[in-house]
Amino acid sequence: MDLLLWRHAEAEDGEDDLKRRLTERGERQAKRMAGWLRERLPKETRIIVSPAIRTQQTAQALDLPFETHRRIGPDACVSELIAASGWPDASGSVLIVGHQPGLGHLASLLLAGQEADWSIKKGALWWLSNRLRRGDTQTVLRAMVPVEILE
C-alpha cells in the first residue's frame, strides 16, 4: 500500500477554523503540488479529504474525485487517520489531504515507531509505502516534497 500525506496549502487566519480559505499563495502552492502529483499519482488512488475549506480547496487543485471524511479534520488523531486510510492493509494507494499535527504524528509513528511532533510544512507531500521484507513489515519513505522546490 502507498499512503500519501498532503498538508493543505497556506490559508488565511480566521476565527472559524473549518471556514479558513487558501490565500493566493496557497492557491499557487496547491496548483503546483497538484501538477507534480498528477504526473506521478498511481491510478485508482483513493483521495480522502478533511471537511475544512482549505483542505477541500487544496484537493480541488488535483481536479480528481475525492471523499470528505469528518474524522480527519483539524483535530484528527493518528488512529482516526489510520482508520480512514485503511493502513496498512488497503489495496492500492490512498492520498490524505489533511492537517498538522495529525499528519506529522502519523508520519513519525509509521517511520520511527512512535508518535512525535514532526512537522509537515504547508503544501508539502510525504509519500510512504508499506512492504514485506524478509518476513518483516516495513514502512518506506518514497518521497518528501516541499512545495517550495516546485516553485
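Our subject is the structure that appears above.
About the criteria used
Going along each chain's sequence as written, the residues are numbered from 1 onward. In view of the model being predicted, local features appear only for residues whose pLDDT reaches at least 70, and side-chain atom pairs are presented and counted only at 80 or more, with totals across whole chains, interfaces and linings using the full set of residues. Hydrogens and water molecules were not included; the side-chain quantities draw on all heavy atoms of the structure. Each helix is a run of DSSP H or I of at least 4 residues and each strand a run of E of at least 2, with the numbering of both proceeding from the N terminus. Here the globule rule is a power law, 2.2 Å times the number of residues to the power 0.38, and the radius of gyration is based on C-alpha atoms. Summary of the burial criterion: residues with accessible area below 20% of their type's maximum are buried, those above 50% are exposed, and those between are partly exposed, where the area comes from a 1.4 Å probe applied to protein chains only. Only heavy atoms enter the contact rule, under which two residues are in contact if any of them lie within 4.5 Å. For the accessible areas, the method is Shrake-Rupley and the probe is 1.4 Å, while residue cover comes only from the protein chains on display. Think of the arc as the fan of directions from the helix axis to the C-beta atoms. Convention adopted: a line fitted to C-alpha atoms gives each axis, helices being fitted over their contacting stretch, and angles between N-to-C directions are expressed from 0 to 180 degrees. Comment on the angle field: the value is read as roughly parallel under 35 degrees, roughly antiparallel over 145, roughly perpendicular from 65 to 115, and oblique elsewhere. Amino acid classes used here: Ala, Val, Leu, Ile, Met, Phe, Trp, Tyr, Cys and Pro are nonpolar; Asp, Glu, Lys and Arg are charged; the rest, including Gly, are polar. In what follows, salt bridge is the name for a side-chain nitrogen of Lys or Arg lying within 4 Å of a carboxyl oxygen of Asp or Glu.

**Student:** Quick rundown of the overall build of the chain? Include the residues and the values.
**Tutor:** Assigned secondary structure in the chain consists of 4 helices and 6 strands. For the chain, whose C-alpha radius of gyration is 14 Å, the value lies close to the compact-globule estimate of 15 Å for 151 residues. The principal-axis extent of the C-alpha atoms belonging to the chain is close to 50 × 30 × 25 Å. Residue burial in the chain is summarised as follows: out of 151 residues, 49% are buried. When contacts within the chain are restricted to residue pairs at least 6 apart in sequence, long-range pairs at least 24 apart make up 61% of them. Only carbon and sulfur atoms are counted for the fraction: they give 45% of the accessible area of the chain, which is about 7,900 Å².

**Student:** Provide a residue-level description of the side chain of S108, including the pertinent values.
**Tutor:** Here S108 is to be found in helix α4 (residues 102-112). Those residues in contact with S108 that lie beyond four places of it in its chain are G113, Q114, E115, A116 and W118.

**Student:** Would you mind going over the environment of W36 in detail, with residue names and values included?
**Tutor:** Along the chain, W36 falls in helix α1 (residues 24-40). Sequence separation between W36 and W118 is 82 residues; the distance between their C-alpha atoms is 23 Å. Setting aside chain neighbours within four positions, we find W36 in contact with L125, W127, V145 and L150.

**Student:** Talk me through helix α3 (residues 78-85); I want residue IDs and the actual numbers.
**Tutor:** Along α3, the residues that are buried comprise V78, L81, A84 and S85. Here the buried residues of α3 occupy an arc of 130° about the axis, which is enough to place them on one side. In the core, the buried residues of α3 are packed alongside β1 (2-7), β2 (46-49), β4 (93-98) and α4. Of the residues flanking the end of α3, it is G86, one or two places downstream, whose phi is positive at about 80°.

**Student:** Could you give an account of the packing of α3 against α4, with specific residues and numbers?
**Tutor:** Taken N-terminus to C-terminus, the directions of α3 and α4 make an angle of 80°; their axes are 9 Å apart at the nearest point. Compared by their axis directions, α3 and α4 come out roughly perpendicular. Here V78, L81 and I82 of α3 come into contact with α4, specifically with G102, L103, H105, L106 and L109. Residues of the contact of α3 with α4, tallied by class, amount to 6 nonpolar, 2 polar and no charged.

**Student:** Describe the pattern of salt bridges, naming the residues involved and giving the relevant values.
**Tutor:** Applying the stated criterion to the full structure yields 8 salt bridges. The closest approach of N and O atoms between D16 and K19, which form a salt bridge, is 3.9 Å. For D16, a relative accessible area of 38% gives the class partly exposed. The partner of E148 in a salt bridge is K121, and the shortest N-O contact between them spans 3.7 Å. Of this pair, E148 sits in the segment after β6 (136-145) while K121 sits in the loop between α4 and β5 (125-133), placing them 27 residues apart in sequence. By relative accessible area, E148 is classed as partly exposed at 30%. Using a relative accessible area of 47% as the deciding quantity, one classes K121 as partly exposed. A network of salt bridges, in which partner residues are shared, links D17, R20 and R54.

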